[in-house]
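Coordinate analysis (summary)
Given next are the chains, with one letter for each unit.
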Amino acid sequence: MMAWRVHEFGSPDAMQFEHVPVPRPDRGEVLVKVHAAGVGPWDGWIRAGKSALPQPLPLTLGSDLSGEIQAIGPQVLGLSVGDPVYGVTNPRFIGAYAEYALASATMIAPKPVSIDHVEAASVPVIAVTAWQGLFEQALLKAGQTVLIHGAAGNVGAYAVQMARRAGIRTIVTVATDDIAFVRELGADTVVDFKTQRFEEEIRDVDAVLDLVGGETQQRSFQVLRRGGKLISAVAQPDQDLARSYGVDATFFLVRVTSHDLAEIASLIDSGELRTRVGAVISLADAREAHRMLEDVQPRPKGKIVLAVDAR
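Definitions and limits used
Per chain, residue numbering runs from 1 following the sequence as it is written. At least 70 in pLDDT is required for a residue's local features to be given in this predicted model, at least 80 for side-chain atom pairs to be given and counted, and no such filter applies to totals for whole chains, interfaces and linings, which use all residues. Here the side-chain values reflect all heavy atoms present in the structure, with hydrogen atoms and water set aside. Elements are defined by DSSP. Helices are runs of H or I of four residues or more, strands are runs of E of two residues or more, and each kind is numbered from the N terminus. Two things to know: the radius of gyration comes from C-alpha atoms, and the globule rule equals 2.2 Å times the number of residues to the power 0.38. Exposed residues in this analysis have more than 50% of their type's maximum accessible area, buried residues have under 20%, and partly exposed residues fall in between, with area computed by a 1.4 Å probe over protein chains only. Contacts are assigned to residue pairs that have any heavy atoms within 4.5 Å of one another. Using a 1.4 Å probe, accessible areas were evaluated by the Shrake-Rupley method; residue-level cover was limited to the displayed protein chains. The convention used is that axes are lines fitted to C-alpha atoms, helices contributing only their stretch in contact, and that angles between N-to-C directions extend from 0 to 180 degrees. Reported orientations rely on four angle classes, namely roughly parallel under 35 degrees, roughly antiparallel over 145, roughly perpendicular from 65 to 115, and oblique for the rest. The hand of a helix crossing depends on one turn: near helix anticlockwise from the far one by less than a right angle means left-handed, and clockwise means right-handed. In this count, Pro and Cys sit with the nonpolar residues alongside Ala, Val, Leu, Ile, Met, Phe, Trp and Tyr, while Asp, Glu, Lys and Arg are called charged and the others, Gly among them, polar. Salt bridges are identified by distance alone: a Lys or Arg side-chain nitrogen within 4 Å of an Asp or Glu carboxyl oxygen. Any Phe, Tyr or Trp ring, taking Trp's six-membered ring, that has another such ring centre within 6.5 Å forms a pair; planes under 30 degrees apart are called stacked, those over 60 apart edge-to-face, and the others tilted. Comment: the charge-over-ring label is applied if NZ (Lys) or CZ (Arg) is within 6 Å of the ring centre and within 35 degrees of the ring normal. In the analysis that follows, any N or O atom pair within 3.5 Å is treated as a polar contact, provided that within protein one partner can donate a hydrogen and the other can accept it, and provided that, for residues neighboring in sequence, both atoms belong to side chains. Only strands that DSSP links by at least two bridges are regarded as paired with each other. UniProt positions are given in the numbering used here, feature names are shortened, and annotations may be inferred rather than shown by experiment.

If you check an unreviewed UniProt entry, the chain appears there as NADP-dependent oxidoreductase from Microvirga terrae.

Following this line, the structure appears as structure tokens:
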């Protein structure tokens, strides 16, 4: 089979498209015939040697995938050969940029039936990040208020939709040209960060979901109520600032699970969540996708997905 391999960390030019043996599933794994693989910024970090996790070389890039089960390893229950599934390969987030990939059975779920494999591959990491940020980290409930930074981005767009469905009031910060988009998603209050300072418009929110980091994160402490929560998926918050404002502040890494993927699939199939694919690129052209990640080429709004023709 063909797969995108990294033998030494570096730029997109370090990626090598080469023949490798089809892997065999071990305990708790399945072999997936990959129809589509999602591309995320974490793939670029892994390729460049900047992953938060140890990544021994050589490796195959990619985490998000959608496809069909081809083989099942020992101690896997509830899944069968031929099942269409979507999800993530493994906790190291590697292996999906290939015609066949191994996936942990605890990190995949039945594919949403209402969307195709390309759309399904765009969902897992970003949608689960939004879900866990809102409900497992911030512990938000109906009637509360959340400020979402980066609400027009891939994670943010899911967070707006999920919060709206749960009865949580949403305040979002976006650029001017994204205002119409987030309003369509159901945002209650929209702050244009190019013309407004959100800390002058907002007070006493229950939680901030930070998908931007930097100065935006620093300024967010002052809009929280005492006892509120700042949850960041991008950068470790300043704990001294958190204590001074009387709030909790947490950085978290997403943990993709079959349970959360099944919940999200149900919301997609019921029409309560919409996906957003920004570009579909052939697996053989994956370097072009990584040049988009590096902003060497224009980056689309929405998820980049690799379409795979498995041999």
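Okay, back to it.
1. Things to note about the overall build of the chain
The helix and strand inventory of the chain stands at nine helices and 16 strands. For 311 residues, the compact-globule estimate of 2.2 N^0.38 gives 19 Å, and the C-alpha radius of gyration of the chain, at 20 Å, lies within 12% of that figure. Once the C-alpha set of the chain is aligned to its principal axes, its extents read approximately 55 × 40 × 35 Å. The burial tally for the chain puts 53% of its 311 residues in the buried class. Taking contacts inside the chain between residues at least 6 apart in sequence as the whole, the part at least 24 apart equals 65%. Within the structure as shown, the chain displays about 13,300 Å² of accessible surface, and the carbon and sulfur contribution to it stands at 49%.

2. Details of the packing of helix 3 (residues 124-137) against helix 4 (residues 154-165)
In the contact formed by helix 3 and helix 4, the axes pass within 8 Å of each other and the chain directions differ by 50°. The angle between the axes of helix 3 and helix 4 places the two elements in the oblique class. Classified by chirality, the crossing of helix 4 by helix 3 is right-handed. For the pair formed by helix 3 and helix 4, the contact residues are Ile126, Ala127, Thr129, Ala130, Trp131, Leu134 and Phe135 on the first element and Asn154, Val155, Tyr158, Ala159, Met162 and Ala163 on the second. Its residues assigned to classes, the contact of helix 3 with helix 4 comprises 11 nonpolar, two polar and no charged.

3. Describing the pattern of salt bridges
If you walk through the whole model with that rule in mind, you get 16 salt bridges. Here Arg291 and Asp13 are joined by a salt bridge, their closest N and O atoms 2.9 Å apart. Here the residue Arg291 occupies a position in helix 9 (residues 286-293), and Asp13 occupies one in the loop between strand 1 (2-6) and strand 2 (15-19), the gap between them amounting to 278 residues. Two residues, Arg291 and Glu288, come together in a salt bridge whose shortest N-O distance is 2.6 Å. With Arg291 and Glu288 both in helix 9 and three residues apart, this pair spans about one turn of that helix. With relative accessibility at 27%, the residue Glu288 sits in the partly exposed group. Overlapping salt bridges bring together Asp13, Glu288 and Arg291 as one network.

4. Considering the packing of aromatic side chains
A complete count under the given rule lists four aromatic pairs for this structure. Ring geometry for Trp4 against Phe17: centres 4.8 Å apart, planes inclined by 20°, an arrangement best described as stacked. One end of the pair, Trp4, is in strand 1; the other, Phe17, is in strand 2, with 13 residues separating them in the sequence. With a relative accessible area of 29%, Phe17 lands in the partly exposed category. Their ring planes at 15° and their centres at 6.2 Å tell us that Phe221 and Tyr245 sit as a pair that is stacked. Taken together, the positions of Phe221 in the loop between helix 6 (214-220) and strand 13 (224-232) and Tyr245 in helix 7 (residues 239-245) put the pair 24 residues apart, joining distant regions of the chain. Looking at Tyr245, the relative accessible area reads 33%, which means it is partly exposed. In this structure, Arg276 is placed above the aromatic ring of Phe181, and the distance from its NZ or CZ to the ring centre is 3.8 Å.

5. With respect to unusual backbone geometry
Between Leu57 and the following residue, Pro58, the backbone shows a cis peptide bond with an omega angle of -5°. With respect to the helices, strands and loops of the structure, Pro58 is situated in the loop between helix 1 (41-48) and strand 4 (59-60). Phi angles above zero are rare outside glycine, and Phe93 is one such case at about 60°. For Phe93, the location among the structural elements is in the loop between strand 6 (84-88) and strand 7 (100-104).

6. Points about the side chain of Thr170
Within the fold, Thr170 resides in strand 10 (residues 169-174). Apart from residues lying up to four places away in sequence, Thr170 is in contact with Val146, Ile148, Val160, Ala163, Arg164, Gly186, Ala187, Asp188 and Thr189.

7. A word on the environment of Tyr97
You can see Tyr97 is positioned in the loop between strand 6 and strand 7. When the C-alpha positions of Tyr97 and Gly62 are compared, they lie 5.0 Å apart, and in sequence the two are 35 residues distant. A polar atom in the side chain of Tyr97 sits 3.0 Å from the side chain of His290.

8. As for the sheet that holds strand 1
Taken in spatial order, the three strands line up as 2-1-4 in an open sheet, and their pairing is antiparallel. Each end of this open sheet is capped by a strand with a single partner; those strands are strand 2 and strand 4. The pairing of strand 1 with strand 2 spans five bridges and is classified as antiparallel. What sits directly across from Trp4, in strand 2, is Phe17. Helix 9 contacts strand 1 and strand 2 of the sheet and is inclined by roughly 160° relative to strand 2.

9. A short note on the UniProt feature "domain: Enoyl reductase (ER)" (unreviewed entry) in the chain
The residues that UniProt annotates with the feature "domain: Enoyl reductase (ER)" (unreviewed entry) are residues 10-306. Within the segment residues 10-306, helix and strand shares are 27% and 28% respectively, and the terminal C-alpha atoms sit 20 Å apart.

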